[in-house]
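Listed below are the residues making up each chain.
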Amino acid sequence: MTLLVAGGSRVDAGKTTFSVGLLARTGAVGFKPRAGNDFWFDHDDYRDAVDRGRLFGKDARKLAAAAPGDRDPEDINPVHRLWRPAPRGGAGILGRDDRTFLLDRVGDRYVVNDTVEIPDSARAGLDLDDAVRVTSLPEFNEAMASLHVPAQQDLAEDVEAADLAVVESYADVARPLANVDPLAVAVVEPGHLRIYDGARYEKACEVASGGYETGRLEEKVPDVTSLLDPVARVTLPPLTGEERSDPGTVADAYDDAYEALLGAAFE
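Now for a look at the structure at hand. (Residues numbered from 1 in each chain as written. Predicted model: local features only at pLDDT ≥ 70, side-chain atom pairs only at ≥ 80, totals over all residues. Heavy atoms only, no water.)

### Examining empty space enclosed by the protein
In total, this model carries one cavity of 30 Å³ or more according to the counting rule given. Taken as a whole, the largest cavity encloses approximately 70 Å³ of empty space. Forming the boundary of the largest cavity are T2, L4, V167, R175, P176, L177, V180, P182 and E202. Looking at the lining of the largest cavity residue by residue, the class counts come to six nonpolar, one polar and two charged. (1 Å grid on protein atoms, 1.4 Å probe; cavity = no way out; pocket = protein on both sides within 12 Å on 5 of 7 lines; lining within 4 Å. Points joined across faces, edges and corners; volume = space filled by probe spheres on them. Nonpolar A, V, L, I, M, F, W, Y, C, P; charged D, E, K, R; others polar.)

Following this line, the structure appears as structure tokens:
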């Protein structure tokens, strides 16, 4: 059984806090198909990993720690991207005018943007000798096809094999794994939770994108949820930083929300 946690807000929706509490409540395994760090705004998290010769973020670290068993963040998060701000603009390889793609970790390999300067700490801390280096969008698309897509497919198999899996999306993306069908979906926003039937949510994703053949690669949560009604709405109480750091405390605080989500999944 798979439960999907998505965010109604692009930033700080509360997805990871909700997810780690759900793991503590159910004993599920958590997965984060894609994640990323901003070299500037998330520098502490970036240095925490890169100083150990690794690249992962705090969300994957929290999910791995909250789940039963012994898993590294990389085990549940196959694709992690490192960005830096682009205050002077410029679309770059990926067409973003607010930030610049530096490199991706895909499994234990790296894809490096060879048109920009990679931070000294990344070059010193990460094994980039056999990295795939790209200088254009077509080259990056080739790397996606050969590395990213298989890594996501492997993760989808791990999700399907789990007795109970919680998949946390990233930013405001509606479905991080298109080939995994959740039984229920939790859309988290500050102070609020909307719960959707998984099959109806997946159908709305297809409609929002125009279908698998013609659609965008990433549907946004507002585009999807505008097409269907939630089966339940739950208020989420605010938590202190200390409370958010303890999955068991989150599980207790959000008990009503988890009961409603599990009820929708098993209905």
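### Brief notes about the packing of helix 1 (residues 15-26) against helix 11 (residues 255-266)
Contact pair helix 1 / helix 11: the axes reach a minimum separation of 11 Å and the direction vectors enclose 75 degrees. By the criterion of interaxial angle, the relationship of helix 1 to helix 11 is roughly perpendicular. Contact with helix 1, carried on its side by T17, F18, G21, L22, R25 and T26, involves D255, A257, Y258, E259, L261 and L262 of helix 11 and no other residues of that element. When its residues are assigned to classes, the contact of helix 1 with helix 11 shows six nonpolar, three polar and three charged. (Axes fitted to C-alpha atoms, helices over the stretch in contact; angles between N-to-C directions. Helix = DSSP H or I, 4+ residues; strand = E, 2+ residues; numbered from the N terminus. Parallel < 35°, antiparallel > 145°, perpendicular 65-115°, else oblique. Contact = heavy atoms within 4.5 Å.)

### Considering the layout of surface pockets
Counted as a void, the second largest pocket has a volume near 170 Å³. What lines the second largest pocket is E74, D75, P78, V106, G107, R109, L147, P150, A151, D154, L155 and D158. Those elements that place two or more of their residues in the lining of the second largest pocket are helix 4 (73-76) and helix 6 (137-161). Class assignment for the residues of the lining of the second largest pocket results in six nonpolar, one polar and five charged.

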